[in-house]
Amino acid sequence: MPGPFRNAALSKAAQTHRLRKLRAPSKCRECEGIIMVNGAECEECSLTCHRKCLESVAILCGHRKLQGKVCLFGVDFAQAPRTTPGEIPFIIRKCTAEIESRALGLQGIYRVSGSKVRVSKLCQSFESGRELIDMSENSPTTSPTS
């Protein structure tokens, strides 16, 4: 990646963004902290984050301005955002697809809790990036069944 972040550790999702140095203080979409220095901004979707947060960003570039944050957790699923009435909320579709593609062979997938920090960051990513979440770097904490 050319530019000011070529030597930074980047997650797979961060690599999809066209990053430039942040020009003004802003809020980090990854950790929700205020960025004063060492910030990055995507030229296409306007995602902003700390340089250190680039290694854990899970929001893919949608090549258009990111929508505002939406509350998904702690609310009734009937209130979850949908494209059409009667549609299954995207968060249910995304999580179910992830479980079906990567975790059906894992023992204890529904018994063992994940890391609180990782779960919290994933929740933040879902609320910030909606359907643009890359879950490939969020591996379950359990071991494969034999």
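Quick look at the structure, then. (Residues numbered from 1 in each chain as written. Predicted model: local features only at pLDDT ≥ 70, side-chain atom pairs only at ≥ 80, totals over all residues. Heavy atoms only, no water.)

### A look at the pattern of salt bridges
For side chains of opposite charge, pairing can occur when their charged atoms come near one another.
Piece 1. Following the criterion strictly, the structure yields 4 salt bridges and no others.
Piece 2. Between glutamate 44 and arginine 18 there is a salt bridge, with the nearest N and O atoms lying 3.4 Å from each other. Taken as a pair, glutamate 44 in the loop between strand 4 (39–42) and strand 5 (48–50) and arginine 18 in the segment before strand 1 (19–21) lie far apart in primary sequence, 26 residues in all.
Piece 3. Taking relative accessible area as the criterion, arginine 18 reaches 47% and is therefore assigned partly exposed.
Piece 4. A salt bridge links arginine 20 to glutamate 41; the nearest nitrogen and oxygen atoms lie 3.2 Å apart. Of this pair, arginine 20 sits in strand 1 while glutamate 41 is found in strand 4, placing the two residues 21 residues apart along the sequence.
Piece 5. The exposure class assigned to glutamate 41 is buried, which follows from its relative accessible area of 15%.
Piece 6. Among the ionic contacts, a cluster of salt bridges with common partners joins Arg18, Glu43 and Glu44. (Salt bridge = Lys/Arg side-chain N within 4 Å of Asp/Glu carboxyl O. Helix = DSSP H or I, 4+ residues; strand = E, 2+ residues; numbered from the N terminus. Buried < 20%, exposed > 50% of the residue type's maximum accessible area, 1.4 Å probe, protein only.)

### A look at the sheet that holds strand 1
Piece 1. Across the sheet, 3 strands lie side by side as 1-4-5; this open sheet has antiparallel pairing. Of all the strands in the sheet, the pair left with one neighbour each is strand 1 and strand 5. Here the average twist between neighbouring strands, direction ignored, is 35 degrees.
Piece 2. Where strand 4 lies against strand 5, 3 bridges are found, and the strand directions are antiparallel. (Pairing = 2+ DSSP bridges. Axes fitted to C-alpha atoms, helices over the stretch in contact; angles between N-to-C directions.)

### Description of helix 2 (residues 116–129)
Piece 1. Helix length check: helix 2, at 14 residues, gives a terminal C-alpha distance of 20 Å against a target of 20 Å (1.5 Å per residue), a fit within 8%.
Piece 2. Turning to helix 2, its buried residues are Gln124, Ser125, Phe126, Glu127, Ser128 and Gly129.
Piece 3. Check the buried side of helix 2 and you find it contacts helix 1 (90–103). (Expected span 1.5 Å × (residues − 1). Contact = heavy atoms within 4.5 Å.)

### Structural notes on a nonpolar patch on the surface
Piece 1. A contiguous nonpolar surface patch, about 350 Å² in accessible area, is contributed by Ile34, Met36 and Val37.
Piece 2. Topologically, isoleucine 34 is positioned in strand 3 (residues 34–35).
Piece 3. The class of isoleucine 34 is exposed, set by a relative accessible area of 57%. (Patch = residues over 30% accessible without salt bridge, like charges linked within 9 Å, V, L, I, M, F, W, Y side chains within 5 Å. Areas by Shrake-Rupley, 256 points an atom, 1.4 Å probe, with all protein chains shown as cover.)

### Details of the nonpolar core
General note: in soluble globular proteins, nonpolar side chains tend to be found buried as a group.
Piece 1. Grouped together as the largest cluster of nonpolar side chains are 27 residues, with contacts concentrated most on Leu47, Cys49, Leu54 and Phe126.
Piece 2. At the level of elements, strand 4 and helix 1 are the ones that each hand at least two residues to this core.
Piece 3. Here this core gathers at least three residues from each of two domains, domain 1 (1–66) and domain 2 (69–145).
Piece 4. If near-sequence neighbours (up to four positions away) are discounted, leucine 47 is found in contact with His17, Arg29, Ala40, Glu41, Cys42, Ile59 and Leu66. (Core = buried A, V, L, I, M, F, W, Y, C linked by side-chain atoms within 4.5 Å. Domains from an automatic or database assignment.)

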